[in-house]
Amino acid sequence: LQLANQFIASIYYVNRHHNLQAVSATDVVRNDKKADDPTPVDQDVDALPPDQFKAQQRELAQDLILKEQQIEFLISILPGLENSEKDQEETIKQLEKELQAAEVERKQALKDKEEVLARLEGVIRSIKRP
């Protein structure tokens, strides 16, 4: 989503700040005007000096490249990219076994806790006050 937003922002920037000039000999730069209005219709273009525009284009391109590299890095560290489906299934089965063993330990620890609490309660009740 961030990369898409950066693409859109870059296109908007280039569209907003380009200069109105012909790229080839067959291109025609339109200067549409209304009959009673001497200002051009396309007031959305705020042309920048060529060197500033090029510098901003370079910065936008670098930002896009950086974001793409960040995405590539995140993809590269995803688990299982170098493992086959069978390897992943085996890993899941192993993790399920470990989870079951941990659950058994947790239940045993709860039983132990209840027993200790019961003994402690018995000791506390057996103590007589002077």
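Rules used throughout
- Residues numbered from 1 in each chain as written.
- Predicted model: local features only at pLDDT ≥ 70, side-chain atom pairs only at ≥ 80, totals over all residues.
- Heavy atoms only, no water.
- Helix = DSSP H or I, 4+ residues; strand = E, 2+ residues; numbered from the N terminus.
- Buried < 20%, exposed > 50% of the residue type's maximum accessible area, 1.4 Å probe, protein only.
- Contact = heavy atoms within 4.5 Å.
- Phe/Tyr/Trp six-rings, centres within 6.5 Å; stacked < 30°, edge-to-face > 60°.

*Asks:* Looking at this structure, I do not really get the side chain of serine 10. What am I missing?
*Replies:* Along the chain, serine 10 turns up in helix 1 (residues 2-17). Since its relative accessible area comes to 10%, serine 10 is described here as buried. Setting aside anything within four residues of it in sequence, one finds serine 10 in contact with Leu60 and Leu64.

*Asks:* Is there a simple way to think about the environment of aspartate 63 in this case?
*Replies:* Inspection of the secondary structure assignment puts aspartate 63 in helix 2 (residues 50-76). Using a relative accessible area of 33% as the deciding quantity, one classes aspartate 63 as partly exposed. Sequence-wise, aspartate 63 and leucine 3 are 60 residues apart; in three dimensions their C-alpha atoms are separated by 9.4 Å.

*Asks:* Would you explain the packing of aromatic side chains in this entry?
*Replies:* In this description, an aromatic ring pair is defined by two values, namely the gap between the centres and the angle between the planes. All told, the structure shown has one aromatic pair when counted by the stated rule. Here tyrosine 13 and phenylalanine 53 contribute two aromatic rings whose centre-to-centre distance is 6.4 Å and whose plane-to-plane angle is 10 degrees, an arrangement assigned as stacked. One end of the pair, tyrosine 13, is in helix 1; the other, phenylalanine 53, is in helix 2, with 40 residues separating them in the sequence. Neither residue differs from the other here; tyrosine 13 and phenylalanine 53 are each classed as buried.

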